[in-house]
Amino acid sequence: MTQTRHEPTGQAAMKMHQLITADGTRVGDELLDPFVQDVDENTLTSLYRDMVVIRRIDVEATALQRQGQVALWPPMLGQEASQVGSVRAVEKDDFIFPTYRENGVAYIRGAKLPGIMGTWRGNMNTGWDPYEVNMATPQIIIGAQTLHATGYAMGIAMEGKEAMAIAYLGDGATSQGDVHESMVFAASFQAPVVFFCQNNHWAISEPVGLQSAVPIAGRAPGYGIPGLQVDGNDVLAVLAATRWAARRARSGGGPSFIEAVTYRMGPHTTADDPTRYRGVTELEEWAAKDPLDRLRTYLLNAGMLDAAGEAAIAADADAVAAELRDACINIPDPEPMSAFADIYVDAHPVLDREREQYRRYLASFAGQPGAGHQVQGSAS
Amino acid sequence: MSKLSLTQAINAGLRRAMEEDPKVVLMGEDIGTLGGVFRVTDGLMKDFGSHRVIDTPLAESAIIGTAVGLAYRGFRPVCEIQFDGFIYPGFDQIVSQVAKLHARTHGKVRMPLTIRVPFGGGIGSPEHHSESPEAYFVHTSGLRVISPSNPQDAYTMLRQAIASDDPVLYFEPKRRYHTKGEVDLDAALSAAPLMGAARVVAPGTDVTLVSYGPLVRTALDAATAATADGVSVEVIDLRSLSPVDYAPIMESVRRTGRLVIAHEAGKTLGLGAEIAATITERCFNYLESAPVRITGFDIPYPPSKLEKHHLPDLDRMLDGVDRALGRTNSQTGMED
Ligand SMILES: Cc1ncc(C[n+]2csc(CCOP(=O)(O)OP(=O)(O)O)c2C)c(N)n1
């Protein structure tokens, strides 16, 4: 069988668009520059603030998992620029179709902390009203959301509206049939959809080279969709690239594919052990390209940020973390009968009967402290 | 004899099968370097190489579909689906290709695939990680469906599945992955009980309680608890879900006159429905009361904070036993 490839090797590397280098230097990019001309000092510091806050959210949520307060958490550590840069290019009327890792996107989009945490704590499936924040439920089935985004975008086009859908996906997802079919449909119907792929280099333990022999963004042209590779740790470049794609979508230009080249610094989820499959040197290489550090250096050098400003941002982030912890541990356990809620819109006699049977069953324990049997060794 | 956890027993079964037959190859997501998300394939890539323990791209339809091609070519692929809820992208390949190719080619082509699926709830996971999709496959002719409940069966039944020339879905009770038990690694396969055979795991005289996979342990606990109430429950571990081995169930029901069936999957058209109907057809004259099903609800698997309600536990089994015995139970007065 073929050897596992770490990086795509089948095609010469694509041009990776960048605006701020790893050492914090602003560089020019012909395609992207026009999309960030309005970005002033305020916007830049707010992009930085957003990244600091979501990193803080990530650290706090990871700690809560370790303390047994949430069942599982998918860290976004290292991907802050991709999440912040992309979602900040999304307008209110656009619709976001995320994976499970876009918790930073959800926060910036306006989802409330108890909702974000409730999913991972096991209290609820979705912690926000999709129509309130124009963001779909987190998607665990790899790739499925790309079809939903494409269909949503086809709807926008049919209504003649100026809006778009954006689908987030990982590098691993690009192997799924759903993703390929969504690109076929998007191209056939010129749907205003943006495929935003965060190539964080790993699909659990599998390196990106196993999923794609060519740079991921290089696949899109085969479907008739322009593909753009952007430095996913450069928040300004991600913002510009997503605006580029958004403008294409809104102006009737059809679908675009962005590959944000980034890196997952943490484990896949808190249940994963990355030391089994990846080396420390790789981690060190990517640590040197940290998305927060480079913007911070740039802002400090440009005199847009000073110690007081940093302290204020850190205090904001701490406050969000405290709010998150508080929100998380105070989410009430769901009421048992809520398991039967919202399964059907119309009455369903079979389920209604089941619900009534279970209500009676629970009632049969009424008045018994610590109701039910306890048998040693039973994990049920 | 060695004391092994269920995961270790499966690992040992895979290892033995690979040693015995060079045509056995493993395929799946993350099964190589990582050893699988549950570490079931731990160490196998190191020992057998990446051409036999194949880390595939992230695509279930392709995992099953390429295994079909390998089987055409004489291999015996063992596919890992990472979690129950991720089998659906591969569903078409399983029901339209794997299950039917033997019949479609008039017996010329064999599909000796084994598809391993960690299944069931009780581990506090988010959506799509706790499902019990076995009925879809039981409903599809051309497939065999089995589920071990203990390490010894896990080891032996897996080897039998791999050795079988029919496609086998092997449902692993993931919440029992860490359950330990004695495993005889060297007993001859030919001497072991067939993978299609059900087994009485606790004898009893008043009620027959049938279950499989993760709930067998719970059923045994319920039988113990029932003793305290003076009720003798016979517990049967189904082991094979397709085909169901009816002989020991019928033999038991003819003695006890009462049948309770428990599974985690939803009630409607679940395996319990099939067993209740069949036993009613075949043992009607022996039944003292209607068969009772204790199952998950007909709801999408709920958020984990609610799963203790959804999953049949010891008390719900006892409540079902009470129903079968005509004693007062939670549903008394709900006769229509
Ligand atoms: C259909 C399906 N198969 C398998 C899984 C198990 N799984 C969860 S995340 C994951 C890796 C995803 O990698 P990628 O698309 O690169 O996204 P990332 O997690 O790196 O953000 C896998 C295999 C799943 N959720 N859905």
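Because the structure is predicted, anything quoted here is derived from the model rather than measured. (Residues numbered from 1 in each chain as written. Chains lettered and ligands numbered in written order. Predicted model: local features only at pLDDT ≥ 70, side-chain atom pairs only at ≥ 80, totals over all residues. Heavy atoms only, no water.)

## Regarding a nonpolar patch on the surface
Residues and elements named next belong to chain A.
Thought 1: Taken together, the side chains of V184, F185 and F189 present a nonpolar region at the surface, about 280 Å² in accessible area.
Thought 2: One can find V184 in helix 7 (residues 177-188).
Thought 3: Residue classification places V184 among the partly exposed residues on the basis of a relative accessible area of 39%. (Patch = residues over 30% accessible without salt bridge, like charges linked within 9 Å, V, L, I, M, F, W, Y side chains within 5 Å. Areas by Shrake-Rupley, 256 points an atom, 1.4 Å probe, with all protein chains shown as cover. Salt bridge = Lys/Arg side-chain N within 4 Å of Asp/Glu carboxyl O. Helix = DSSP H or I, 4+ residues; strand = E, 2+ residues; numbered from the N terminus. Buried < 20%, exposed > 50% of the residue type's maximum accessible area, 1.4 Å probe, protein only.)

## Some points on the pattern of salt bridges
Thought 1: Applying the stated criterion across every chain, the model contains 39 salt bridges over all chains.
Thought 2: The closest approach of N and O atoms between R49(A) and D50(A), which form a salt bridge, is 3.9 Å.
Thought 3: Classification of R49(A) as partly exposed rests on a relative accessible area of 28%.
Thought 4: Its salt-bridge partner being R16(B), residue E19(B) comes within 3.9 Å of it at the nearest N-O pair. Placement of the pair is E19(B) and R16(B) together in helix 1 (residues 6-20), with a separation of three residues, close to one helical turn.
Thought 5: Overlapping salt bridges, with partners in common, bring together R49(A), D50(A), R88(A) and D316(A) in one network.

## Some words on the sheet that holds strand 3 (residues 165-170) of chain A
Residue and element names in this part refer to chain A.
Thought 1: The six strands lie next to each other as 1-7-8-4-3-2, forming an open sheet whose pairing is parallel. In this open sheet, the two strands that pair with only one neighbour each are strand 1 (16-17) and strand 2 (95-97).
Thought 2: The pairing of strand 1 with strand 7 (residues 227-231) spans two bridges and is classified as parallel. When the sheet's bridge partners are listed, M16 is paired in strand 7 with Q229.
Thought 3: Those strands touched by helix 6 (residues 144-159) are strand 2, strand 3 and strand 4 (193-199), and its axis lies near 165 degrees from that of strand 3. (Pairing = 2+ DSSP bridges. Contact = heavy atoms within 4.5 Å. Axes fitted to C-alpha atoms, helices over the stretch in contact; angles between N-to-C directions.)

## Quick look at the site of the ligand
Thought 1: Y100(A), R101(A), I140(A), G172(A) and E60(B) are the nearest of the 20 residues found near the ligand.
Thought 2: Bordering the ligand are residues originating from chains A and B.
Thought 3: One nitrogen or oxygen atom from the side chain of N200(A) is found 2.9 Å from an oxygen atom belonging to the ligand.
Thought 4: A distance of 3.4 Å separates an oxygen atom of the ligand from a polar side-chain atom of H268(A). (Near = heavy atom within 4 Å. Polar contact = N/O pair within 3.5 Å; in protein donor to acceptor, adjacent residues only side chain to side chain.)

## With respect to the packing of aromatic side chains
Thought 1: Going through the model one piece at a time under the given rule, you end up with 23 aromatic pairs over all chains.
Thought 2: Ring centres of Y361(A) and F365(A) lie 5.2 Å apart, and the angle between their planes is 90 degrees; on these two criteria the pair is classed as edge-to-face. Summarising the burial analysis for this pair, Y361(A) and F365(A) share the class buried.
Thought 3: Between the aromatic rings of F91(B) and Y136(B), the centroid separation amounts to 5.8 Å while the plane-to-plane angle is 80 degrees, which identifies the pairing as edge-to-face. On the criterion of sequence distance, the pair formed by F91(B) in helix 4 (residues 91-98) and Y136(B) in helix 6 (residues 134-138) is long-range, its members being 45 residues apart.
Thought 4: Residue F91(B) is classed as partly exposed on the basis of its relative accessible area of 25%.
Thought 5: Through a chain of ring-to-ring contacts, three or more aromatic side chains come together here, namely Y88(B), F91(B), F119(B), Y136(B), F137(B) and F171(B).
Thought 6: Sitting above the plane of the F75(B) ring, K23(B) keeps its charged end 4.5 Å from the centroid. (Phe/Tyr/Trp six-rings, centres within 6.5 Å; stacked < 30°, edge-to-face > 60°. Lys NZ or Arg CZ within 6 Å of the ring centre and 35° of its normal.)

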